[in-house]
Amino acid sequence: MILTGGLKSLLPHVLRRIIRCNRLSISNTSGMAEGFKQTNVVILHKSLADDFEKFCHANDGPLPLLYRSKPGDWECPSLSSDSDIRTDCLQYKRYEHGACTGSLQSLKEYSEQLKDMVTFYLGCSFSFEKTLQNAGIPVRNVEQKCNVSMYKTAVPCHAVSRFSCNLVVTMRPIPESKLEAAVLATSELKEAHGAPIHIGDPGLLGIQDLSRTDYGDPVHLHPGDIPVFWACGVTGAEAVINCRAPLSFTHSPGCMFITDVKNNKVPDKSSREVLQVHCISQDPLHYSIVSEEAAQKIKTLESLIGIDPGDRGIIHLCRQDELLKACLAMSHARSVLITTGFPTHFTYEPPEENDGPPGALAIAALLQALEKEVSIVTDRRAMNLNKKIIEEAVQLGILKKPVPLLSYQRQNADSALMFLCENGNPERPRFDHLIAIERAGMAADGNYYNARKINIKHLVDPIDELFLAAQTIPGVTTTGVGDGGNELGMGKVKDAVKKHIKNGDVIACDVEADFTVVAGVSNWGGYAIACALYILSTCEIHDRYLRKAVGFPQLSKKTTWLSALPSVNKEEKLLKTLVQHGVRSGKTASLEMEVDGLPFYDTHSLMIEKLL
């Protein structure tokens, strides 16, 4: 038997000959023939080959197709010389009618059946392990001399004919400080699965316990390591099982076919698309990926809305990248709850100001276009007003369909949890993300104040409690949008509000959101969120990460998303509608102008044009 000592440096054709003679005392090919591509192998009857190829193209993250043989062809000349797929994998799996019926060291006894079968060679993540090491990133499974960890997920692949299954992933522990480097190192190696499809808590993929692998070996995480998941070619084996073909074969997971093809040279930094990694949740731990180009556009939006037309000192409240992180979190959300409403005109009916609702509806419109569930929660006394505004927004073409309108009242200590979760169960939240935009926020003394330090608590329902409860529910994140520090969610910057904003020591909101978007006018923040969500949706890197590299890019829906963006025309119509319902401006007269005899922010038109 040949031991593992010098296998890293042996050339692939030498290794294949050794494997062919069954002279290796190893259980997997991780770390072997460093710098050369390794492949997964799927062998099917020729009648299934065309559909399986379509399945690969529809799910090219886990199944990057490197070569398809002709029926009965045991060689793959474009990948290797002097190879024989019947003998050149360490071990094979045999499947009959969807059941694994054996592990084999050779397929020679099936040579007759193989004459009518087609072999698919699919990219493997073992191919990028040397690239990771060259970038200074530890590869724990190589260090620990074991197979990589592989898991079945709850993520469905795009089905084609008889082929359907859930995604299988590999997991490699990566030090937190090297996450971005790991993403950059693998993103260009698309034939080896490319960039990760998930970074963080395995539960978000439906993986309950990292110590219980479905394939391969458990890999130990070092302190400071983050689980990073790549799409895996063993997905092909799962598809074979579900296909229930009379006879089929695959490599045994981890026992790859080693090719003569060197890994693609990673482009130099000048030509490589740069990616960024951002943490969007601590419980559960969750990171997202975005291109640097898209991130920079969103940072430009953040800078634009940070203009302070009232010279109130909001520059001191701004926190860098909050808009980006908030929108990344929203992008991953399935269901979003929005709240708005600031009854600053307490002596009028209705007391609401017109900053907030337009921005809220701009966000809702884009979320609808992205096919997310969206609801609005508001004060019970303002239900009829908001119902009319939503109905007219649909008629004006701002919203695709009516947004469900909810109210919240505290009845007992569990009211907020019951509102946010099915039967009050924190494991079954109704919403993934909460957004407050220009919503009166509770101060430290339990009251609600307008900018002039007047208590308006009697007009405000305790929707703050939903944001406080959300802090205790894993997987629910929150965003606060404001322009003065007394809005819900601004508790994150309350010290700066108290120091720099007039009356801040009294009016500062005490309730935090995970992300705080500060704008010169809160509506601008809503418009910026809508534009940022559009930018993320059209970012190919982020789109791939969202869909876990299965299925097809969503860019065909770009026209629908574009039509949902805010526009000057839409906002003019909506602001006129608000005025018709008695809603007044809450900003200073210097920010107003007359449009057809109606009050309107001259800065709104200018800002929307800049954002778009």
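Each value, and the rule that gives it
- Residues numbered from 1 in each chain as written.
- Predicted model: local features only at pLDDT ≥ 70, side-chain atom pairs only at ≥ 80, totals over all residues.
- Heavy atoms only, no water.
- Axes fitted to C-alpha atoms, helices over the stretch in contact; angles between N-to-C directions.
- Helix = DSSP H or I, 4+ residues; strand = E, 2+ residues; numbered from the N terminus.
- Parallel < 35°, antiparallel > 145°, perpendicular 65-115°, else oblique.
- Left-handed = near helix turned anticlockwise from the far one by under 90°.
- Contact = heavy atoms within 4.5 Å.
- Nonpolar A, V, L, I, M, F, W, Y, C, P; charged D, E, K, R; others polar.
- Pairing = 2+ DSSP bridges.
- Core = buried A, V, L, I, M, F, W, Y, C linked by side-chain atoms within 4.5 Å.
- Buried < 20%, exposed > 50% of the residue type's maximum accessible area, 1.4 Å probe, protein only.
- 1 Å grid on protein atoms, 1.4 Å probe; cavity = no way out; pocket = protein on both sides within 12 Å on 5 of 7 lines; lining within 4 Å.
- Points joined across faces, edges and corners; volume = space filled by probe spheres on them.

Caption draft 1: Up close: the packing of helix H10 (residues 357-369) against helix H16 (residues 522-537). It is at 7 Å that the axes of H10 and H16 come closest, and there the two elements cross at 10°. Relative to H16, the element H10 is oriented roughly parallel. Here H10 runs over H16; the crossing is left-handed. Contact residues: H10 offers Pro357, Pro358, Gly359, Ala362, Ile363, Leu366 and Leu367, while H16 offers Asn523, Gly526, Tyr527, Ile529, Ala530, Leu533 and Tyr534. In the contact of H10 with H16, the residues fall into 11 nonpolar, 3 polar and no charged.

Caption draft 2: Just the sheet that holds strand E19 (residues 477-482), in detail. Strand order across the open sheet formed by 6 strands is E17-E16-E15-E18-E19-E20, with parallel pairing between neighbours. Of all the strands in the sheet, just strand E17 (405-407) and strand E20 (515-518) have a single pairing partner and so form its edges. Neighbour-to-neighbour, the strand axes of the sheet open up by a mean angle of 25°, direction not taken into account. Summarising the sheet, strand E15 (residues 335-341) and strand E16 (residues 373-378) pair through 5 bridges and their orientation is parallel. Within the sheet, the bridge partner assigned to Val336 lies in E16 and is Val374.

Caption draft 3: Region of the structure containing the nonpolar core. Formed by 86 residues in total, the largest nonpolar core has its most connected members in Ile199 and Ile338. Here Ile199 is in contact with Leu179, Val183, Ile226, Pro227, Val228, Val277, Leu285, His286, Tyr287, Ile289 and Tyr545, once residues within four sequence places are set aside. Listed in part, the 44 residues of the second largest apolar core include Cys56, Tyr95, Cys165 and Ala549.

Caption draft 4: Local environment of the layout of surface pockets. In this model, the largest pocket occupies a volume close to 1100 Å³. Around the largest pocket, the lining is made up of 37 residues, and of these Ser331, His332, Ala333, Arg334 and Leu546 lie nearest the centre. The set of elements that each furnish at least two residues to the lining of the largest pocket consists of strand E6 (149-156), strand E13 (275-282), helix H9 (322-332), H16 and helix H17 (540-546). Among the residues forming the lining of the largest pocket, the class breakdown is 16 nonpolar, 11 polar and 10 charged.

Caption draft 5: Inspection of the sheet that holds strand E14 (residues 285-291) at higher detail. Overall, antiparallel pairing links the 7 strands, which are arranged E9-E6-E7-E10-E8-E14-E13 in an open sheet. Since the sheet does not close on itself, it has two edges, and those belong to strand E9 (215-216) and E13, each with one partner. Here E13 runs beside E14; their pairing, made up of 7 bridges, is antiparallel. Pairing of Gln282 across the sheet is with Leu285, part of E14. Along the sheet face, helix H6 (residues 179-187) touches strand E7 (166-175), strand E8 (198-200), strand E10 (225-231), E13 and E14 and points at about 135° away from the line of E13. Each of E13 and E14 touches H9; the most contacted strand, E13, lies at about 75° to it.

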